[in-house]
Amino acid sequence: MQQILVLDIAGVPYDWISQNDAATQYAAKKVAWDIGDRVIMLRGGYNKDGEQSKIFIKPIISIRNSERMSRNSRHQIPLGDGNRLLYARDRHICAYCGETFPYQELSRDHILPTSRGGKDAWENCVTACKECNHAKGNKFVHDFKPLIYVPYAPCRFEHFILSGRNVIADQLEYLSAKLPRHSRLL
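These numbers were taken from a predicted model, which means no experiment stands behind them.

Most of strand 8 (residues 125-129) is tucked away: five of the five residues are buried. Along strand 8, one buried face is formed by C125, T127 and C129 and the opposite face, lined by V126 and A128, is buried too. By the bridge criterion, five bridges tie strand 7 (residues 106-110) to strand 8 in an arrangement that is antiparallel. Looking across to strand 8, one finds that R108 is bridged to T127.

Relative to the elements of secondary structure, C132 occurs in helix 4 (residues 130-136). Among the residues examined, C132 registers a relative accessible area of 7% and is labelled buried. Measuring from C-alpha to C-alpha, the distance between C132 and T100 comes to 13 Å, with 32 residues separating the pair along the chain. Excluding residues within four positions of it along the chain, C132 makes contact with C94, Y96, C97, F144 and K145.

Attention now goes to the packing of aromatic side chains. For the structure shown, the criterion picks out three aromatic pairs. A cation over an aromatic ring shows up here: R89 above the ring of Y152, its NZ or CZ 5.5 Å from the ring centre. Across the ring face of F140, the terminal group of R116 is positioned such that the distance to the ring centre comes to 4.3 Å.

Our next topic: the sheet that holds strand 3 (residues 31-35). Pairing in this open sheet of four strands is mixed, and the strands run 2-1-6-3 from one edge to the other. Each having just a single partner strand, strand 2 (13-17) and strand 3 make up the two edges of the open sheet. Adjacent strand axes in the sheet meet at a mean angle of 25°, parallel and antiparallel pairs treated alike. By the bridge criterion, three bridges tie strand 1 (residues 4-7) to strand 6 (residues 60-63) in an arrangement that is parallel.

Right, let's get into the confidence of the model for the protein. Mean pLDDT over the protein stands at 91; residues scoring 70 or higher make up 94%. The least confident element of the protein, judged by mean pLDDT, is helix 2 (residues 67-72) at 64; the most confident is strand 8 at 98.

A word on unusual backbone geometry. Here the phi dihedral of K29 falls at roughly 60°; this positive angle occurs in a residue that is not glycine. Tracing the backbone shows K29 in the loop between helix 1 (19-27) and strand 3.

The next point concerns helix 1. Of the positions making up helix 1, those classed as buried are Q19, A22, A23 and Y26. The buried side chains of helix 1 occupy one side of the element, clustering within an arc of 105° when seen end-on. In this fold, the buried residues of helix 1 make contact with strand 1, strand 2, strand 3, strand 4 (40-46), strand 5 (52-57) and strand 6. K29 lies just past helix 1 and shows a positive phi near 60°.

Conventions we followed
Residues numbered from 1 in each chain as written. Predicted model: local features only at pLDDT ≥ 70, side-chain atom pairs only at ≥ 80, totals over all residues. Heavy atoms only, no water. Buried < 20%, exposed > 50% of the residue type's maximum accessible area, 1.4 Å probe, protein only. Helix = DSSP H or I, 4+ residues; strand = E, 2+ residues; numbered from the N terminus. Pairing = 2+ DSSP bridges. Contact = heavy atoms within 4.5 Å. Phe/Tyr/Trp six-rings, centres within 6.5 Å; stacked < 30°, edge-to-face > 60°. Lys NZ or Arg CZ within 6 Å of the ring centre and 35° of its normal. Axes fitted to C-alpha atoms, helices over the stretch in contact; angles between N-to-C directions. pLDDT = per-residue confidence, 0-100. Arc of directions from axis to C-beta.

As structure tokens, this is what we get:
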């Protein structure tokens, strides 16, 4: 099932929701504007005249009166406990040997090891193959191998590309237009 990208009134991504949740927003007249070429039609019940209700949903919707959504949005995207977003940011490439690996053969490496005061943050973490990560241990990077790429915290638009499942062309085009030049997704 296709996810619908929800934006606040200013066009900043807020969430991925289901088609049914999007239909609820349309029915409640909370959609301020919508964009996208692909349209999903959901059918509902029948009225007394025997006409079936229909709601047409676009892949990107903006919710009116979303000031509260904007206030509740995190400005810094959390790294999280799982590594899926980290590996996606780094395109499954080991930061030390430069090889591409499947998910199971990767691990999170802290550039400044946590045992030496390093933080569990985007700017201190890279994707590493298990062999390189084991060989590095708690060494400093300059005592091991140089990094092939520099870690960075993804912006909100990049985060939504990384976290979305089945992102369609309209959504990808909208989000990609807002990516910073240093993004590895470009």
